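# Inside the fold
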Amino acid sequence: MSILTFRAVRFALAALLALAGALVAPATAAPDTAPAPTATVQVGDSPYGITMAPDGRHAYVVVTGTGRIAVIDTSTRTVVGGFGVSKDAGDVAITPDGRHAYVTDDTSFSVNGAVNVYSTSTGKRTGTIGVGEVPSRIAITPDGRHAYVADTWSGSVAVIDTATGTRTQEIKLGSNPVDLAISPDGRRVYVAGFANPGSLSVIDTATGEVVGRYDIDNLPTGLAVTPDGRHLYVVDRWGTVKVVDAATGKATGSPVTVGEGPAAVVVSHDGRRAYVVNEQSDSVSVIDTRTNAVVDTIPTGTGTGPSRIALTPDGHHAYVTLYYSDGVQVLDF
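Okay, so let's go over this structure.

Parameters at a glance
Residues numbered from 1 in each chain as written. Predicted model: local features only at pLDDT ≥ 70, side-chain atom pairs only at ≥ 80, totals over all residues. Heavy atoms only, no water. Helix = DSSP H or I, 4+ residues; strand = E, 2+ residues; numbered from the N terminus. Areas by Shrake-Rupley, 256 points an atom, 1.4 Å probe, with all protein chains shown as cover. Buried < 20%, exposed > 50% of the residue type's maximum accessible area, 1.4 Å probe, protein only. Pairing = 2+ DSSP bridges. Phe/Tyr/Trp six-rings, centres within 6.5 Å; stacked < 30°, edge-to-face > 60°. Lys NZ or Arg CZ within 6 Å of the ring centre and 35° of its normal.

## Brief notes about the overall build of the chain
A count of helices and strands for the chain gives one helix and 28 strands. In the form shown here, the chain has an accessible surface area of approximately 12,700 Å², with 49% of it arising from carbon and sulfur atoms.

This is the structure we're talking about:
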């Protein structure tokens, strides 16, 4: 997990490795073809986190080197604006109405972290919510009422009430969460825990209770849930992907081998493809979810350090942050 390039998370998880004894709306279906790189949008020093606006018109990129959110117009593939954030920002999520950006920050509250809220129309900060230590990932429920934050160093998940702008709960997990995903119906939060062995925790959003915990081999680094909510794709630091039954927490079939150091995974809106960002081998693996086989490997360029990926709602484009190339690569389907 030392492959992670976001500064605070990289350092925190490097320590964990030592301890572990180791280093919305309906979308149209995409054509059944492999994507290819078509453009790279330069956004500034060390882009990391990325998310797509609900309408797909803009991508929001955390530019960690300059402490800025860059806003990309997906129709022109140019940077059309942005706003300042902390240089310790790492991840970003947009509310379903598109009006606010929630950005993780690991130093606003001394040793603890924070989530800063910004207006997407003005770029002004409208709130700050204290959370646990080293918040690494954030996701917002489909109804927009809550945000869930993976606080890696605290071993917990923070729950934020978006209406009041307050943290209402800190759910202890017993492992170090590095990624989370919310089920399409908003009833469950799935959390990948970086431990030895790794874990998959399931949180009931109605009660805030952990209702399931399952062992996951090979130290997971990321996960994504399919649009039908039935399966999870869990990537691990050894370069494999496990397909997990969301109801039972059990792996189905054999692990899928991808590139080196996979750092993130997303599933297409039609559910037919999973895309894995391989940070150490500078590539994106494309998995056919019907066969769970890799059908294409897309190079991002030697030494580019791909880190995160976001898909447009129409299913035709993917945006990949290139940490070491200061840009965002666009893949067309």
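## A look at the environment of V320
Structurally, V320 can be placed in strand β27 (residues 317-322). Judged by relative accessible area, V320 falls into the buried class, the value being 0%. Sequence separation between V320 and V61 is 259 residues; the distance between their C-alpha atoms is 9.8 Å.

## Here's the deal with the pairing of strand β10 (residues 135-140)
Of all the six residues making up β10, six are buried; the element is thus mostly covered by neighbouring parts of the structure. Count of turn residues in the β10/strand β11 (residues 146-151) antiparallel hairpin: five residues, of which G144 carries a positive phi of about 75°.

## Considering the packing of aromatic side chains
Given two aromatic rings, one states the distance between the centres and the angle between the planes to describe the pair. If you walk through the whole model with that rule in mind, you get three aromatic pairs. For the pair F83 and Y118, a centre-to-centre distance of 5.1 Å together with 35° between the ring planes defines the contact as tilted. Placement of F83 in strand β5 (residues 78-84) and of Y118 in strand β8 (residues 112-119) is noted, with a sequence separation of 35 residues between them. Across this residue pair, the class does not change: F83 and Y118 are buried. Summarising the aromatic geometry, the rings of Y323 and Y324 are spaced 5.1 Å apart at their centres and angled 90° between planes, so their arrangement reads as edge-to-face. Residue classification places Y323 among the buried positions, given a relative accessible area of 11%. Accessibility expressed as a relative area gives 53% for Y324, which makes it exposed. Geometry around W238 places R237 over its ring, the cationic atom sitting 4.4 Å from the centre.

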